[in-house]
Amino acid sequence: MDPLIDLIQLLRPKATLWRQIEASGRWAVSFPKRDDLLFCSVVYGNCLIVRPNMEPVKMSPGDFVLIRTSVPFRFSSNTSVKPVDSVKLFGASSSGLVKLGIDEGHPVLLRGGRFLFDTANENLLTALMPPLVHIVATANRSERIRMLLHMNASEAAASEPGRDFVVARLMELLFVDILRDPYLRAEDGDTGLLAGLADPITARALQTMHGNMGRNWTVAELAKQRGVSRSRFAARFRNTVGVSPIRYLLDWRITLAKDELRKGARSISEIAFAVGFQSISAFSTAFSRTVGCPPKQYAKNRQR
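Below or above, wherever it landed, is the structure these notes cover.

A word on unusual backbone geometry
Thought 1: Of note in this structure, R12 is not a glycine but carries a positive phi near 45 degrees.
Thought 2: Tracing the backbone shows R12 in the loop between α1 (3-11) and β1 (14-23).

And the structure:
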C-alpha cells in the first residue's frame with residue numbers, strides 16, 4: 001500500500017474558494033487561528049506571509065502556498081502595516097473580489113480558498129503536515145499546479161454536466177500533486193508522514209507497515225529490512241516522523257478504526273481485528289486512551 005494514498009483517502013479533500021484579494025501600496029490582511037488549511041496563489045505582484053516569531057516568507061508571481069492556520073498569520077506588503085481582519089473584510093463584500101491598500105503602486109492579486117476534510121480524521125493535518133507548504137513559480141511542479149488551478153477555475157465557471165464531480169477531482173489532484181514531492185515543501189525541522197516518505201530509511205518502513213497494518217510489527221523487524229541497527233532506525237524514525245514506529249502504527253490503526261466507525265458498515269469486533277488488534281478489549285482500551293471515548297460511543301456520536 002502507498003501511505004500517501006492512504007492519507008488522501010482518509011482525508012477526502014474538498015476545496016472551496018474564498019475571495020480574490022486585489023491590493024496596492026501599503027496593505028495587510030490577517031487570518032485568525034482556525035486550524036484549517038488555506039491555499040493561495042499569486043497572480044501578479046509580490047507580498048509577504050508574516051507569522052508570529054518566524055521569518056517572513058516572500059511570495060512572488062506564480063507562487064503557490066498551502067498554509068495551516070495553526071497560528072494566526074497575515075498577507076502583507078511589509079511587516080509594519082496594521083492588518084485588516086479577513087473575516088470582516090470578506091463578510092462585508094458581496095462579490096468575489098476585495099480591494100485594499102493605502103496609496104497606489106505595486107499592485108498585487110491573490111486568489112485562494114481552503115480545503116475541507118472529513119471531520120473524522122482532519123487532525124491528520126496537524127500530525128502529518130508542516131504548517132507551511134511554499135511552492136515557488138520556478139519549481140518543477142509549479143507549472144502543473146497552475147494548470148490545475150486554471151482548469152478548476154474554467155470548470156467552475158461553466159455549466160456543463162458533471163461540473164461538480166470534475167471540480168472535486170481537479171482539486172484532489174492538486175492536493176495530491178503537492179504532497180507527492182516532500183522535498184519541495186519541507187521546511188527545516190519538519191516532521192510527519194511526508195517527511196518520513198522523503199527519507200530512504202523511514203520510507204521503506206512506512207510502506208511496509210501500511211502494506212500490512214494487521215501484523216504485529218517490531219522495531220527490530222523494520223530495522224532489519226533497511227539493514228540498520230534497531231537503535232539507529234528507532235532514532236531516525238522518531239526524528240523524521242515525530243513519533244516512534246510502534247506509536248505511529250498504533251495511531252494509524254486508530255485512524256483507520258475511526259474511519260470505519262464513521263461509515264457504520266462493520267461491527268466493532270470486525271473493525272478491531274481488521275486494523276490489527278488481537279482482542280476487542282485491547283482495541284477498546286487503545287481507542288479510548290487515544291480518542292477519549294470508547295468505540296461504541298464514538299460511533300454513536302458520529303452517526304448523530
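Section: the packing of α1 against helix α11 (residues 245-263)
Thought 1: Relative orientation of the contacting elements α1 and α11 amounts to 35 degrees, with a least axis distance of 11 Å. In this structure, α1 crosses over α11, and the sense of that crossing is left-handed. Contacts between α1 and α11 involve D6, L7 and L10 from the former and W252, T255, L256 and D259 from the latter.
Thought 2: For the contact of α1 with α11, the per-class residue count stands at four nonpolar, one polar and two charged.

Points about the packing of aromatic side chains
Thought 1: Inspection of every chain in the model, using the stated rule, returns 13 aromatic pairs.
Thought 2: Here the aromatic rings of F31 and F75 are separated by 5.7 Å at their centres, their planes lie at 85 degrees, and the arrangement is edge-to-face. Of the two residues, F31 sits in strand β2 (residues 28-31) while F75 sits in strand β7 (residues 73-76), which places them 44 residues apart along the sequence.
Thought 3: For F31, a relative accessible area of 7% translates into the label buried.
Thought 4: For F75, a relative accessible area of 1% translates into the label buried.
Thought 5: Consider the rings of F233 and F237, whose centres lie 5.8 Å apart with planes at 55 degrees: the pair is tilted. Of this pair, F233 and F237 both sit in helix α10 (residues 230-241), four residues apart, which is roughly one turn of that helix. Taken individually, F233 and F237 each receive the classification buried, so the pair is uniform in this respect.
Thought 6: The rings of F31, F73, F75 and F90 are connected pair by pair, giving a single aromatic cluster.
Thought 7: The lysine or arginine in question, R215, covers the ring of W217, its NZ or CZ lying 4.1 Å from the ring centre.

Rules of the game
- Along each chain, residue indices are assigned from 1 in the same order as the chain's sequence is written.
- At least 70 in pLDDT is required for a residue's local features to be given in this predicted model, at least 80 for side-chain atom pairs to be given and counted, and no such filter applies to totals for whole chains, interfaces and linings, which use all residues.
- Processing note: side-chain calculations cover all non-hydrogen atoms of the structure and skip hydrogens and water entirely.
- The helix and strand labels rest on DSSP assignments: H or I over at least four residues marks a helix, E over at least two residues marks a strand, and numbering proceeds from the N terminus.
- Axis definition: a line fit to C-alpha positions, over the contact stretch in the case of helices; interaxial angles, taken between N-to-C directions, run 0 to 180 degrees.
- Crossing handedness is read from the near helix: turned anticlockwise from the far helix by less than a right angle, it gives a left-handed crossing, and turned clockwise, a right-handed one.
- Pairs of residues are marked as contacts when any of their non-hydrogen atoms sit within 4.5 Å.
- In this count, Pro and Cys sit with the nonpolar residues alongside Ala, Val, Leu, Ile, Met, Phe, Trp and Tyr, while Asp, Glu, Lys and Arg are called charged and the others, Gly among them, polar.
- For Phe, Tyr and Trp, rings pair up if their centres lie within 6.5 Å, where Trp contributes its six-membered ring, and each pair is then called stacked (planes under 30 degrees apart), edge-to-face (over 60) or tilted (otherwise).
- Exposure categories follow from relative accessible area, calculated using a 1.4 Å probe and restricted to protein chains: below 20% of the type maximum is buried, above 50% is exposed, and the middle band is partly exposed.
- We call a charge positioned above a ring when the Lys NZ or Arg CZ atom is no farther than 6 Å from the ring centre and deviates by at most 35 degrees from the ring normal.

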